[in-house]
Amino acid sequence: MSVERYVDYKKSGISLVPYIPLEWESKPLKFIADCNSRVLSESTDEGAEITYIDISSVSYGQGVCNTQEFTFANAPSRARRVVKSGDTIISTVRTYLKAIAYISDEYDSYICSTGFAVFTPKKGVNSRFLFYALNADWFVSDVERHSVGISYPAITSTALSSLKTILPPFDGQEKIVAYLDRRTAEIDGLLADLHTQAKMLERYKRELIANAVTHGLDKAAPRKDSGVDWIGDIPAHWTITKTKWMFEIVKRIYGKEDRDVLSITQRGIKVKDIESNEGQLAESYTSYQVVNMNDFAMNSMDLLTGWVDCSPFEGVTSPDYRVFRFHTSKQQCHNYYKYLFQMCYKSRIFYRLGQGVSNLGRWRLQADQFLNMQLPQPPIDEQEKIAAYLDNRTSEVEGLLADIHMQIEKLKQYRKIVINDAVTGKIKVTEG
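Note that the structure is predicted; figures quoted are calculated from it, not measured. Within each chain, residue numbers correspond to sequence positions counted from 1 in written order. Given that the model is predicted, a residue must reach a pLDDT of at least 70 before its local features are reported, and side-chain atom pairs must reach 80 or more before they are shown or counted; all residues, however, enter totals for whole chains, interfaces and linings. Excluded from the side-chain calculations are hydrogens and water; all other atoms, namely the structure's heavy atoms, are used.

## So, the nonpolar core
Within the largest apolar cluster, 50 residues are counted, with the highest numbers of intra-cluster contacts made by Phe119, Phe139, Leu160 and Leu180. Helix and strand definitions here come from DSSP, where helices need a minimum of 4 consecutive H or I residues and strands a minimum of 2 consecutive E residues; each element is numbered from the N-terminal end. Residue assignment for this core shows that the elements contributing at least two residues are strand 3 (17–21), strand 12 (100–102), strand 14 (116–121), helix 1 (127–135), helix 2 (137–145), strand 15 (164–167), helix 4 (170–215) and helix 9 (380–423). Should any heavy atoms of two residues lie within 4.5 Å, those residues are counted as being in contact. Once residues lying within four places of it in the same chain are set aside, the contact partners of Leu160 are Leu29, Ile90, Thr92, Ala117, Phe119, Phe139, Val143 and Ile155. For the purposes of this section, nonpolar cores are sets of buried Ala, Val, Leu, Ile, Met, Phe, Trp, Tyr and Cys residues that join through side-chain atoms within 4.5 Å. Only protein chains enter the accessibility calculation, which uses a 1.4 Å probe; a residue is then buried when its area is under 20% of its type maximum, exposed when over 50%, and partly exposed in between.

Take a look at the structure:
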């Protein structure tokens, strides 16, 4: 396959794609694909097993990532649309998620959510071309543009079916599909390699931190058993302490709204932009608690995706979070214990100590469990050396990760361009 330029173009009648090749057509989607033509019967046997594709099962650019198994009687009420190999499904709710997927043989006869519109190509339309056409950046933007609602933008299947798309002659569709299947496979291979590199670096960073904060930097130092399974052997001159002997939990309700509001994210403690109306916003911040510089704050309600950090800011944060600080008489190295506590999230140490109902998202680290948790305590000068070492080494790793993520984003953008150029006629795919 090779590419060149078309010689003659005409107006398309589509604002986002003003011109298309002379022999191509622009027409509403409903004239090239049937929509929602198959529905699971209400008389289906209650014990029948169904495999369900929900909105959360589809990731933009990656297709169907996971599915769920149900009996018909226990399936969600929205599990009603039958998909067949060659269909393309598009989310009609929360359209900002751009949940679009091609139904391969692997997912034939599965059931998808009524939050999807299911498009089955008509005669003369290549199913893979239809998928690429509906996955094109301009068409995705048009879907978002015609969606209604702010927090949960949505579009009806009827409105979606009325949007125009672009269709070349059938032999041109086949050439484009062969070209895009090959090019996107090449790009996806590069992306997979980069994601593997990123995972390896993340694992290396996690192990680097865990080894340094629990075993120290001097590998030749005499060792002793810490008596704590997740810590293991420690240098003989280190001690084991309890959180409560070094830290105190403090909860100081501020009562006013003249301080920065702080959020705890996995990128650290951040100042929330309460003017942007993004994320979860409280009606009032007067009940929020004080966070001073060098206080630690953690989300003890979410032990899987929550985080802990040592605050570089003065501000207030949610009364549901846990704020704690060193006892005045027990000043240690803030940075060392920041690395230690963050390692307890990454290595699921806090999760092991949690209580509640995990499948309902109520797995919390209670205050008494936290305060009685055993921690390593190196001499303070060694804590500072470990923290400085980790600052340098993790900074190097973060630099490599930033470079990889930049390459990933550039490849993703390039992938979009490759698809868009082929399905809008900016390039002509020829044999040879």
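From this point, the narrative continues.
## So, empty space enclosed by the protein
Both cavities and pockets are sets of points on a 1 Å grid over the protein atoms alone; in a cavity a 1.4 Å probe fits but cannot get out, in a pocket the set is open with protein on both sides within 12 Å along at least five of seven lines, and lining residues sit with an atom within 4 Å of a point. Grid points are joined across faces, edges and corners, and a volume is the space filled by probe spheres set on the points. Under the counting rule described, the total for this entry stands at one cavity of 30 Å³ or more. Put simply, the largest cavity is a space of about 70 Å³. Contributing to the lining of the largest cavity are Ile90, Ser91, Thr95, Lys98, Ala99, Ile100, Leu134, Phe139, Val140 and Val143. Those elements that provide at least two residues to the lining of the largest cavity are strand 11 (88–91) and helix 2.

## Remarks on the environment of Arg252
Take Arg252: it is sitting in the loop between strand 19 (247–249) and strand 20 (262–265). For the pair Arg252 and Val290, spaced 38 residues apart in sequence, the C-alpha separation works out to 5.4 Å. Excluding residues that lie within four positions of it along the chain, Arg252 makes contacts with Tyr288, Gln289, Val290, Val291, Asn292, Asp295, Val323 and Arg325. Polar side-chain contacts of Arg252 include one of 2.8 Å to the side chain of Asp295. Distance and chemistry together define a polar contact, namely a pair of N or O atoms within 3.5 Å, with one atom able to donate a hydrogen and the other to accept it when in protein, and with adjacent residues in sequence counting only for side-chain atoms on both sides.

## Overview of the side chain of Gln383
Within the fold, Gln383 resides in helix 9. In this structure the side chain of Gln383 is engaged in a polar contact, spanning 2.5 Å, whose partner is the side chain of Gln332. Of the polar contacts made by the side chain of Gln383, one reaches the backbone oxygen of Pro378; its length is 2.8 Å. When near neighbours in sequence (up to four residues on either side) are disregarded, Gln383 contacts Gln332, Cys333, Tyr336, Tyr337, Gln377 and Pro378.

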